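Per-entry structural report
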Amino acid sequence: MQLLKGMGNVGPPIQSFLESLYEAYRSLNAGQVASYIPELAKADASQFAISVVTLDGRVFQVGDCQQEFTIQSISKVFAYGMALEEWGRDRVLEKVGVEPTGDPFNSHIRLDETSHRPDNPMVNAGAIATTSLVKGSSPTERLNRLLAMFRRYVGRDVYVDISTFLSERATGHRNRAIAHLMLNFGMLNGDIEEALDLYFQQCALLVTCQDLATMAAALANRGQHPITGERVLRAEYVRDVLSVMYTCGMYNFAGEWAFRVGIPAKSGVSGGLIAVIPNQAGIAVFSPPLDENGNSVRGVKVFEALSQKYGFHMFDLSMGHCHFHDSLLSDSAEKLDQEQLL
Ligand code: GLN
(Lines give C-alpha, C1' and ligand atoms only; values in the text may rest on other atoms or scores of the structure.)
Protein backbone atom coordinates (compact mmCIF):
# COMPACT_ATOMS: atom_id res chain seq x y z
CA MET A 1 0.00 0.00 0.00
CA GLN A 2 1.23 3.44 -0.96
CA LEU A 3 0.92 4.88 2.50
CA LEU A 4 3.24 2.43 4.06
CA LYS A 5 6.14 2.84 1.70
CA GLY A 6 9.36 4.48 2.73
CA MET A 7 9.51 3.44 6.36
CA GLY A 8 12.41 5.40 7.75
CA ASN A 9 13.95 5.77 11.14
CA VAL A 10 11.65 8.56 12.21
CA GLY A 11 7.94 8.49 11.49
CA PRO A 12 6.17 11.36 9.79
CA PRO A 13 4.35 13.86 11.97
CA ILE A 14 1.42 11.97 13.36
CA GLN A 15 -1.19 14.58 12.45
CA SER A 16 -0.41 14.48 8.75
CA PHE A 17 -0.28 10.69 8.81
CA LEU A 18 -3.73 10.55 10.42
CA GLU A 19 -5.02 12.86 7.70
CA SER A 20 -3.55 10.67 4.98
CA LEU A 21 -5.15 7.58 6.57
CA TYR A 22 -8.46 9.38 6.72
CA GLU A 23 -8.24 10.28 3.04
CA ALA A 24 -7.11 6.80 2.08
CA TYR A 25 -9.90 4.96 3.85
CA ARG A 26 -12.88 7.30 3.76
CA SER A 27 -13.86 5.90 0.36
CA LEU A 28 -13.55 2.30 1.54
CA ASN A 29 -17.16 1.19 1.46
CA ALA A 30 -16.88 -2.39 2.70
CA GLY A 31 -18.83 -3.73 5.66
CA GLN A 32 -22.31 -3.33 7.08
CA VAL A 33 -23.69 -1.11 9.78
CA ALA A 34 -25.04 -3.28 12.65
CA SER A 35 -28.80 -3.62 12.46
CA TYR A 36 -29.68 -6.32 14.99
CA ILE A 37 -30.21 -3.46 17.44
CA PRO A 38 -32.69 -1.47 15.31
CA GLU A 39 -31.54 1.91 16.58
CA LEU A 40 -27.95 1.23 15.42
CA ALA A 41 -29.14 0.71 11.85
CA LYS A 42 -29.73 4.47 11.64
CA ALA A 43 -25.99 5.18 11.80
CA ASP A 44 -24.41 7.12 8.96
CA ALA A 45 -21.96 4.73 7.29
CA SER A 46 -19.81 7.59 5.99
CA GLN A 47 -18.91 8.88 9.45
CA PHE A 48 -15.26 8.36 10.21
CA ALA A 49 -12.95 9.68 12.90
CA ILE A 50 -9.49 8.93 14.24
CA SER A 51 -8.28 10.34 17.59
CA VAL A 52 -4.98 9.98 19.39
CA VAL A 53 -4.58 11.26 22.97
CA THR A 54 -1.16 11.30 24.58
CA LEU A 55 -0.42 10.79 28.24
CA ASP A 56 0.08 14.53 28.71
CA GLY A 57 -3.31 15.34 27.19
CA ARG A 58 -2.33 16.34 23.65
CA VAL A 59 -4.83 15.32 21.03
CA PHE A 60 -4.26 14.58 17.34
CA GLN A 61 -7.38 13.85 15.39
CA VAL A 62 -9.21 13.94 12.11
CA GLY A 63 -12.81 13.49 10.94
CA ASP A 64 -16.03 13.32 12.96
CA CYS A 65 -14.30 13.27 16.33
CA GLN A 66 -17.09 15.04 18.20
CA GLN A 67 -19.87 12.86 16.80
CA GLU A 68 -21.63 11.02 19.62
CA PHE A 69 -22.42 7.32 19.32
CA THR A 70 -23.11 4.51 21.78
CA ILE A 71 -20.06 2.84 23.27
CA GLN A 72 -21.46 -0.73 23.05
CA SER A 73 -18.93 -3.46 23.81
CA ILE A 74 -16.08 -1.06 24.47
CA SER A 75 -17.84 -0.46 27.79
CA LYS A 76 -16.93 -4.03 28.82
CA VAL A 77 -13.31 -3.01 29.35
CA PHE A 78 -14.20 -0.37 31.92
CA ALA A 79 -16.89 -2.40 33.67
CA TYR A 80 -14.30 -5.17 34.10
CA GLY A 81 -11.91 -2.69 35.71
CA MET A 82 -14.68 -1.60 38.06
CA ALA A 83 -15.45 -5.20 39.05
CA LEU A 84 -11.76 -5.82 39.78
CA GLU A 85 -11.58 -2.76 42.00
CA GLU A 86 -14.79 -3.59 43.84
CA TRP A 87 -14.24 -7.30 44.36
CA GLY A 88 -10.54 -7.98 43.86
CA ARG A 89 -8.91 -10.20 41.27
CA ASP A 90 -9.62 -13.57 42.89
CA ARG A 91 -13.34 -13.00 43.40
CA VAL A 92 -13.77 -11.72 39.85
CA LEU A 93 -11.85 -14.69 38.46
CA GLU A 94 -14.27 -17.02 40.22
CA LYS A 95 -17.11 -15.40 38.29
CA VAL A 96 -15.54 -14.72 34.86
CA GLY A 97 -12.55 -16.42 33.22
CA VAL A 98 -9.80 -14.94 31.07
CA GLU A 99 -9.74 -17.48 28.25
CA PRO A 100 -10.27 -16.30 24.66
CA THR A 101 -13.09 -18.15 22.93
CA GLY A 102 -12.45 -17.64 19.24
CA ASP A 103 -16.25 -17.43 19.00
CA PRO A 104 -18.42 -14.47 18.02
CA PHE A 105 -19.11 -11.92 20.75
CA ASN A 106 -22.71 -13.01 21.28
CA SER A 107 -22.11 -16.75 21.31
CA HIS A 108 -23.87 -18.97 23.85
CA ILE A 109 -22.33 -22.25 22.71
CA ARG A 110 -19.69 -22.53 25.41
CA LEU A 111 -22.21 -22.09 28.21
CA ASP A 112 -23.06 -25.58 29.40
CA GLU A 113 -23.04 -27.91 32.38
CA THR A 114 -19.28 -28.29 32.25
CA SER A 115 -18.46 -24.59 32.35
CA HIS A 116 -18.45 -22.88 35.72
CA ARG A 117 -18.17 -19.34 34.50
CA PRO A 118 -18.26 -17.43 31.23
CA ASP A 119 -14.96 -17.57 29.37
CA ASN A 120 -13.91 -13.93 29.51
CA PRO A 121 -15.31 -10.46 30.23
CA MET A 122 -15.08 -9.26 26.61
CA VAL A 123 -17.76 -11.59 25.21
CA ASN A 124 -21.39 -10.83 26.05
CA ALA A 125 -21.81 -13.67 28.53
CA GLY A 126 -18.80 -12.55 30.54
CA ALA A 127 -19.76 -8.91 30.28
CA ILE A 128 -23.28 -9.51 31.58
CA ALA A 129 -21.78 -11.45 34.50
CA THR A 130 -19.25 -8.66 35.12
CA THR A 131 -21.87 -5.93 35.09
CA SER A 132 -24.04 -7.94 37.48
CA LEU A 133 -21.21 -7.48 40.00
CA VAL A 134 -21.68 -3.70 40.20
CA LYS A 135 -22.49 -2.93 43.82
CA GLY A 136 -25.48 -0.89 44.95
CA SER A 137 -28.69 -1.25 46.89
CA SER A 138 -31.03 -0.53 43.94
CA PRO A 139 -30.94 -0.51 40.14
CA THR A 140 -30.68 3.29 40.21
CA GLU A 141 -27.74 3.24 42.59
CA ARG A 142 -25.96 0.63 40.50
CA LEU A 143 -26.52 2.66 37.32
CA ASN A 144 -25.32 5.84 39.04
CA ARG A 145 -22.18 4.15 40.29
CA LEU A 146 -21.48 2.74 36.83
CA LEU A 147 -22.02 6.17 35.25
CA ALA A 148 -19.77 7.81 37.83
CA MET A 149 -17.00 5.40 36.84
CA PHE A 150 -17.44 6.26 33.14
CA ARG A 151 -17.48 9.98 33.96
CA ARG A 152 -14.09 9.67 35.61
CA TYR A 153 -12.66 8.09 32.47
CA VAL A 154 -14.22 10.58 30.07
CA GLY A 155 -13.54 13.59 32.29
CA ARG A 156 -17.00 15.12 31.88
CA ASP A 157 -20.66 14.19 32.25
CA VAL A 158 -21.88 11.22 30.21
CA TYR A 159 -25.38 9.98 29.47
CA VAL A 160 -27.20 6.88 28.33
CA ASP A 161 -28.93 7.11 24.96
CA ILE A 162 -32.41 6.06 25.99
CA SER A 163 -33.54 5.17 22.45
CA THR A 164 -30.68 2.72 21.94
CA PHE A 165 -31.17 1.29 25.42
CA LEU A 166 -34.87 0.66 24.76
CA SER A 167 -34.16 -0.64 21.29
CA GLU A 168 -31.69 -3.22 22.59
CA ARG A 169 -33.85 -4.09 25.56
CA ALA A 170 -36.81 -4.81 23.24
CA THR A 171 -34.83 -6.94 20.82
CA GLY A 172 -31.97 -8.40 22.91
CA HIS A 173 -33.34 -11.93 22.89
CA ARG A 174 -29.96 -13.49 22.40
CA ASN A 175 -28.48 -11.70 25.40
CA ARG A 176 -31.58 -12.62 27.36
CA ALA A 177 -31.07 -16.26 26.38
CA ILE A 178 -27.42 -16.06 27.45
CA ALA A 179 -28.47 -14.62 30.82
CA HIS A 180 -31.06 -17.36 31.29
CA LEU A 181 -28.49 -20.04 30.50
CA MET A 182 -26.10 -18.49 33.01
CA LEU A 183 -28.86 -18.37 35.61
CA ASN A 184 -29.58 -22.04 34.96
CA PHE A 185 -25.92 -22.98 35.38
CA GLY A 186 -25.50 -20.88 38.52
CA MET A 187 -23.21 -18.33 36.87
CA LEU A 188 -25.60 -15.45 37.56
CA ASN A 189 -27.70 -14.79 40.63
CA GLY A 190 -30.49 -12.41 41.37
CA ASP A 191 -32.76 -10.58 39.02
CA ILE A 192 -31.46 -11.17 35.51
CA GLU A 193 -33.76 -8.59 33.92
CA GLU A 194 -32.10 -6.01 36.15
CA ALA A 195 -28.65 -7.29 35.22
CA LEU A 196 -29.56 -7.12 31.52
CA ASP A 197 -30.97 -3.62 31.88
CA LEU A 198 -27.75 -2.40 33.45
CA TYR A 199 -25.72 -4.11 30.72
CA PHE A 200 -27.89 -2.58 27.97
CA GLN A 201 -27.61 0.84 29.65
CA GLN A 202 -23.84 0.58 29.84
CA CYS A 203 -23.73 -0.34 26.13
CA ALA A 204 -25.92 2.68 25.28
CA LEU A 205 -23.58 5.20 26.88
CA LEU A 206 -22.92 8.11 24.52
CA VAL A 207 -19.29 8.92 23.75
CA THR A 208 -17.24 10.55 21.02
CA CYS A 209 -14.14 9.23 19.30
CA GLN A 210 -12.10 11.75 21.29
CA ASP A 211 -13.66 10.46 24.53
CA LEU A 212 -12.69 6.90 23.64
CA ALA A 213 -9.10 7.89 22.87
CA THR A 214 -8.98 9.74 26.21
CA MET A 215 -10.29 6.67 28.03
CA ALA A 216 -7.70 4.50 26.28
CA ALA A 217 -5.02 7.04 27.20
CA ALA A 218 -5.99 6.70 30.87
CA LEU A 219 -5.28 2.97 30.59
CA ALA A 220 -2.02 3.68 28.74
CA ASN A 221 -1.15 6.01 31.62
CA ARG A 222 -1.42 3.21 34.23
CA GLY A 223 -4.91 4.24 35.24
CA GLN A 224 -4.41 7.97 35.60
CA HIS A 225 -6.54 10.32 33.50
CA PRO A 226 -4.33 12.24 31.04
CA ILE A 227 -6.15 15.55 31.54
CA THR A 228 -7.88 15.61 34.91
CA GLY A 229 -5.04 13.71 36.59
CA GLU A 230 -7.62 11.68 38.48
CA ARG A 231 -6.89 8.03 39.20
CA VAL A 232 -9.53 6.08 37.29
CA LEU A 233 -8.22 2.55 37.87
CA ARG A 234 -5.64 1.09 40.22
CA ALA A 235 -2.44 0.33 38.29
CA GLU A 236 -2.44 -3.33 39.38
CA TYR A 237 -5.78 -3.81 37.61
CA VAL A 238 -4.73 -1.95 34.47
CA ARG A 239 -2.51 -4.95 33.83
CA ASP A 240 -5.47 -7.33 34.07
CA VAL A 241 -7.69 -5.20 31.86
CA LEU A 242 -5.02 -4.82 29.16
CA SER A 243 -4.33 -8.55 29.24
CA VAL A 244 -7.92 -9.50 28.44
CA MET A 245 -8.13 -6.75 25.84
CA TYR A 246 -5.05 -8.18 24.18
CA THR A 247 -6.28 -11.77 24.09
CA CYS A 248 -10.06 -11.33 23.81
CA GLY A 249 -10.88 -7.75 22.79
CA MET A 250 -11.40 -8.39 19.10
CA TYR A 251 -13.48 -11.57 19.48
CA ASN A 252 -12.88 -14.13 16.75
CA PHE A 253 -10.34 -11.78 15.18
CA ALA A 254 -8.31 -11.50 18.40
CA GLY A 255 -5.51 -13.76 17.18
CA GLU A 256 -5.19 -12.00 13.83
CA TRP A 257 -5.24 -8.65 15.59
CA ALA A 258 -2.55 -9.68 18.09
CA PHE A 259 -0.44 -10.91 15.20
CA ARG A 260 -0.93 -7.95 12.89
CA VAL A 261 -1.41 -4.96 15.19
CA GLY A 262 -0.05 -6.21 18.47
CA ILE A 263 -1.54 -3.91 21.12
CA PRO A 264 -4.51 -4.31 23.49
CA ALA A 265 -7.76 -3.26 21.83
CA LYS A 266 -11.52 -3.43 22.05
CA SER A 267 -14.23 -3.00 19.45
CA GLY A 268 -17.96 -2.34 19.62
CA VAL A 269 -20.83 -2.90 17.20
CA SER A 270 -21.56 0.80 16.79
CA GLY A 271 -18.19 1.09 15.02
CA GLY A 272 -15.89 2.25 17.79
CA LEU A 273 -12.47 0.69 18.24
CA ILE A 274 -9.94 1.60 20.93
CA ALA A 275 -6.36 0.56 21.43
CA VAL A 276 -3.83 1.23 24.13
CA ILE A 277 -0.13 1.81 23.51
CA PRO A 278 1.18 1.34 27.04
CA ASN A 279 3.06 4.36 28.37
CA GLN A 280 2.49 6.26 25.11
CA ALA A 281 -1.05 7.00 24.00
CA GLY A 282 -4.66 5.96 23.59
CA ILE A 283 -6.09 5.70 20.08
CA ALA A 284 -9.68 5.41 18.91
CA VAL A 285 -11.35 5.07 15.54
CA PHE A 286 -15.04 5.47 14.82
CA SER A 287 -16.58 4.15 11.62
CA PRO A 288 -19.89 2.23 11.75
CA PRO A 289 -19.58 -0.38 8.94
CA LEU A 290 -18.45 -3.71 10.43
CA ASP A 291 -16.75 -6.78 9.05
CA GLU A 292 -18.00 -10.34 9.60
CA ASN A 293 -16.35 -10.43 13.04
CA GLY A 294 -18.22 -7.36 14.23
CA ASN A 295 -15.17 -5.05 14.05
CA SER A 296 -15.09 -1.69 12.27
CA VAL A 297 -13.70 -2.22 8.76
CA ARG A 298 -12.00 1.18 8.53
CA GLY A 299 -10.95 0.89 12.16
CA VAL A 300 -9.01 -2.32 11.57
CA LYS A 301 -7.39 -0.84 8.44
CA VAL A 302 -6.30 2.31 10.28
CA PHE A 303 -4.72 0.36 13.12
CA GLU A 304 -2.94 -2.02 10.79
CA ALA A 305 -1.45 0.95 8.95
CA LEU A 306 -0.49 2.78 12.14
CA SER A 307 1.09 -0.29 13.67
CA GLN A 308 3.08 -1.01 10.54
CA LYS A 309 4.19 2.59 10.16
CA TYR A 310 5.18 3.31 13.73
CA GLY A 311 6.13 -0.17 14.87
CA PHE A 312 4.07 -0.15 18.04
CA HIS A 313 3.40 -3.90 17.90
CA MET A 314 4.42 -4.98 21.40
CA PHE A 315 6.72 -7.68 20.05
CA ASP A 316 8.19 -5.73 17.17
CA LEU A 317 11.51 -5.49 18.94
CA SER A 318 13.32 -4.32 15.81
CA MET A 319 11.34 -1.08 15.89
CA GLY A 320 12.27 -0.33 19.48
CA HIS A 321 8.86 1.18 20.29
CA CYS A 322 10.21 4.66 19.78
CA HIS A 323 8.82 5.81 16.45
CA PHE A 324 5.34 6.54 17.58
CA HIS A 325 6.40 8.37 20.68
CA ASP A 326 9.08 10.35 18.82
CA SER A 327 6.58 11.33 16.21
CA LEU A 328 4.21 12.58 18.88
CA LEU A 329 6.96 14.59 20.49
CA SER A 330 7.98 16.26 17.27
CA ASP A 331 4.45 17.23 16.32
CA SER A 332 2.39 20.14 17.49
CA ALA A 333 -1.11 19.39 18.70
CA GLU A 334 -4.02 20.94 20.38
CA LYS A 335 -3.51 20.53 24.09
CA LEU A 336 -6.69 19.74 25.91
CA ASP A 337 -7.43 21.19 29.26
CA GLN A 338 -10.20 20.40 31.65
CA GLU A 339 -12.37 23.29 30.53
CA GLN A 340 -12.56 21.89 27.02
CA LEU A 341 -13.86 18.63 28.41
CA LEU A 342 -16.75 20.20 30.28
N1 GLN B 1 -24.89 -4.24 23.20
C2 GLN B 1 -24.28 -5.12 22.24
C3 GLN B 1 -24.72 -6.56 22.45
O4 GLN B 1 -24.76 -7.01 23.54
C5 GLN B 1 -22.79 -5.01 22.32
C6 GLN B 1 -22.10 -5.94 21.35
C7 GLN B 1 -20.84 -5.37 20.76
O8 GLN B 1 -20.61 -4.16 20.76
N9 GLN B 1 -20.05 -6.22 20.17
O10 GLN B 1 -25.03 -7.26 21.53
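The structure displayed is predicted, hence computed values, not measured ones.

Per the secondary structure count, the chain includes 14 helices and eight strands. Over its C-alpha atoms the chain spans a radius of gyration of 19 Å, differing by no more than 12% from the 20 Å that the globule rule assigns to 342 residues. Dimensions of the chain along its principal axes, counting C-alpha atoms only, are 55 × 40 × 35 Å. Within the span of the chain, comprising 342 residues, buried residues form 58% of the whole. Considering only residue pairs separated by 6 or more positions, the chain has 70% of its internal contacts joining residues 24 or more positions apart. Only carbon and sulfur atoms are counted for the fraction: they give 50% of the accessible area of the chain, which is about 13,600 Å². Side chains of the chain carry 29 positive and 38 negative charges; the gap between the two charge centres is 3 Å.

Our focus in this paragraph is the side chain of His 313. Along the polypeptide, His 313 turns up in the loop between helix 12 (297-310) and helix 13 (323-330). Judged by relative accessible area, His 313 falls into the buried class, the value being 12%. Separated by 3.1 Å, the side chain of His 313 and the backbone oxygen of Phe 259 make a polar contact.

What follows concerns the site of the ligand. Taken together, Tyr 36, Gln 72, Ser 73, Phe 105, Asn 124, Glu 168, Asn 175, Tyr 199, Cys 203, Tyr 251, Gly 268 and Val 269 make up the full set of residues adjacent to the ligand. A distance of 2.7 Å is found between a nitrogen atom of the ligand and a side-chain nitrogen or oxygen belonging to Glu 168. Between the ligand and the protein, one listed contact pairs an oxygen atom with a side-chain N or O atom of Tyr 199 at 2.7 Å. Expressed as a share of its isolated accessible area of 300 Å², the protein-covered part of the ligand is 99%. Along the lines of polarity and charge, the residues of the shell around the ligand split into six nonpolar, five polar and one charged.

With twelve residues, helix 8 (residues 192-203) should cover 16 Å at 1.5 Å per step; its first-to-last C-alpha distance of 16 Å lies within 8% of that length. Of all the twelve residues making up helix 8, ten are buried; the element is thus mostly covered by neighbouring parts of the structure. By the burial criterion, the buried members of helix 8 are Ile 192, Ala 195, Leu 196, Asp 197, Leu 198, Tyr 199, Phe 200, Gln 201, Gln 202 and Cys 203. Residues of helix 8 that are buried in the fold lie against strand 3 (69-70), helix 2 (75-87), helix 4 (124-131), helix 5 (139-154), helix 6 (162-171) and helix 7 (173-184). The residue sitting at the N-terminus of helix 8 and contributing the capping side-chain oxygen is Asp 191; that oxygen lies 2.9 Å from the backbone nitrogen of Glu 193.

Moving on: the pattern of salt bridges. Scanning the model with the defined rule gives 15 salt bridges in all. In this structure, Arg 89 and Asp 240 form a salt bridge, with 2.6 Å as the shortest nitrogen-oxygen distance. Residue Arg 89 is located in helix 3 (residues 89-95), and its partner Asp 240 is located in helix 10 (residues 235-248); the two are separated by 151 residues in the primary sequence. Using a relative accessible area of 9% as the deciding quantity, one classes Asp 240 as buried. Connected through salt bridges with shared partners, the residues Arg 89, Arg 239 and Asp 240 form a single ionic network.

Right, let's get into the layout of surface pockets. There is about 400 Å³ of room inside the largest pocket. In this structure, the largest pocket is lined by 23 residues; those nearest its centre are Ser 132, Leu 133, Val 134, Arg 142 and Ala 195. Those elements that place two or more of their residues in the lining of the largest pocket are helix 3, helix 4, helix 5 and helix 8. If you tally residues by element for the lining of the largest pocket, the top one is helix 8, at five residues. Residues of the lining of the largest pocket, tallied by class, amount to ten nonpolar, six polar and seven charged. Its boundaries defined by the atoms lining it, the second largest pocket holds a volume of some 250 Å³. For the lining of the second largest pocket, the per-class residue count stands at six nonpolar, five polar and five charged.

On to the packing of helix 4 against helix 7, then. Closest axis-to-axis distance for the helix 4/helix 7 pair is 10 Å, and the angle between their directions is 70°. Here helix 4 is positioned roughly perpendicular relative to helix 7, judged by the angle of their axes. The two elements helix 4 and helix 7 cross, and the hand of that crossing is right-handed. On the side of helix 4, the interface is formed by Asn 124, Ala 125, Ile 128 and Ala 129, while helix 7 contributes Asn 175, Ile 178 and Met 182. Grouping the constituent residues of the contact of helix 4 with helix 7 by class yields five nonpolar, two polar and no charged.

For the rest of this paragraph, the subject is the environment of Gly 97. Looking at the secondary structure, you find Gly 97 in the loop between helix 3 and helix 4. As a C-alpha pair, Gly 97 and Asp 119 span 22 residues in sequence and 4.7 Å in three-dimensional space. Gly 97 has contacts with Arg 117, Pro 118, Asp 119, Asn 120 and Pro 121, leaving out every residue within four places of it along the chain.

The rules behind the values
- Position numbers for residues count from 1 along each chain, tracking the sequence in the order it is written.
- Where local features are concerned, this predicted model is filtered to residues with pLDDT of at least 70; where side-chain atom pairs are given and counted, the filter is 80 or more; whole-chain, interface and lining totals use all residues.
- The side-chain values count all of the structure's non-hydrogen atoms but skip hydrogen atoms and water molecules.
- Comment: elements are numbered from the N terminus, with helices defined as DSSP H or I runs of at least four residues and strands as E runs of at least two.
- C-alpha atoms define the radius of gyration in this analysis, and the globule rule sets the expected value at 2.2 Å times the number of residues to the power 0.38.
- The classification of residues rests on relative accessible area computed with a 1.4 Å probe and restricted to protein chains. Under 20% of the type maximum is buried, over 50% is exposed, and intermediate values are partly exposed.
- Contacts are assigned to residue pairs that have any heavy atoms within 4.5 Å of one another.
- Only the protein chains shown count as cover for residues, and all accessible areas are computed by the Shrake-Rupley method using a 1.4 Å probe.
- His is not counted here, nor are the chain ends, while Lys and Arg score as positive and Asp and Glu score as negative.
- Note on charges: their place is set at NZ of Lys, CZ of Arg, CG of Asp or CD of Glu.
- Each polar contact in these results corresponds to two N or O atoms within 3.5 Å; when the atoms are within protein, one needs to be able to donate a hydrogen and the other to accept it, and residues that are neighboring in sequence are counted only if both atoms are side-chain atoms.
- Neighbouring residues are identified by heavy atoms, a residue being near a molecule or strand if any of them is within 4 Å of it.
- Side-chain classes are defined by residue name, with Ala, Val, Leu, Ile, Met, Phe, Trp, Tyr, Cys and Pro counting as nonpolar, Asp, Glu, Lys and Arg as charged, and the others, Gly among them, as polar.
- Expected helix span is given by 1.5 Å per residue-to-residue step, counting one fewer step than there are residues.
- Salt bridges, as used here, are contacts in which a Lys or Arg side-chain nitrogen is within 4 Å of a carboxyl oxygen on Asp or Glu.
- Throughout, the protein atoms alone are placed on a 1 Å grid, and a set of points is a cavity if a 1.4 Å probe fits but cannot get out or a pocket if it is open with protein on both sides within 12 Å along at least five of seven lines; lining residues have an atom within 4 Å of a point.
- Grid points are joined across faces, edges and corners, and a volume is the space filled by probe spheres set on the points.
- A fitted line through C-alpha atoms serves as each axis, taken over the contacting stretch for helices, and the angle formed by two N-to-C directions is quoted from 0 to 180°.
- With respect to orientation, any angle under 35 degrees is reported as roughly parallel, any angle over 145 as roughly antiparallel, any angle of 65 to 115 as roughly perpendicular, and every other angle as oblique.
- Each helix crossing is assigned a hand: it is left-handed if the near helix lies turned anticlockwise from the far helix by less than a right angle, otherwise right-handed if that turn is clockwise.

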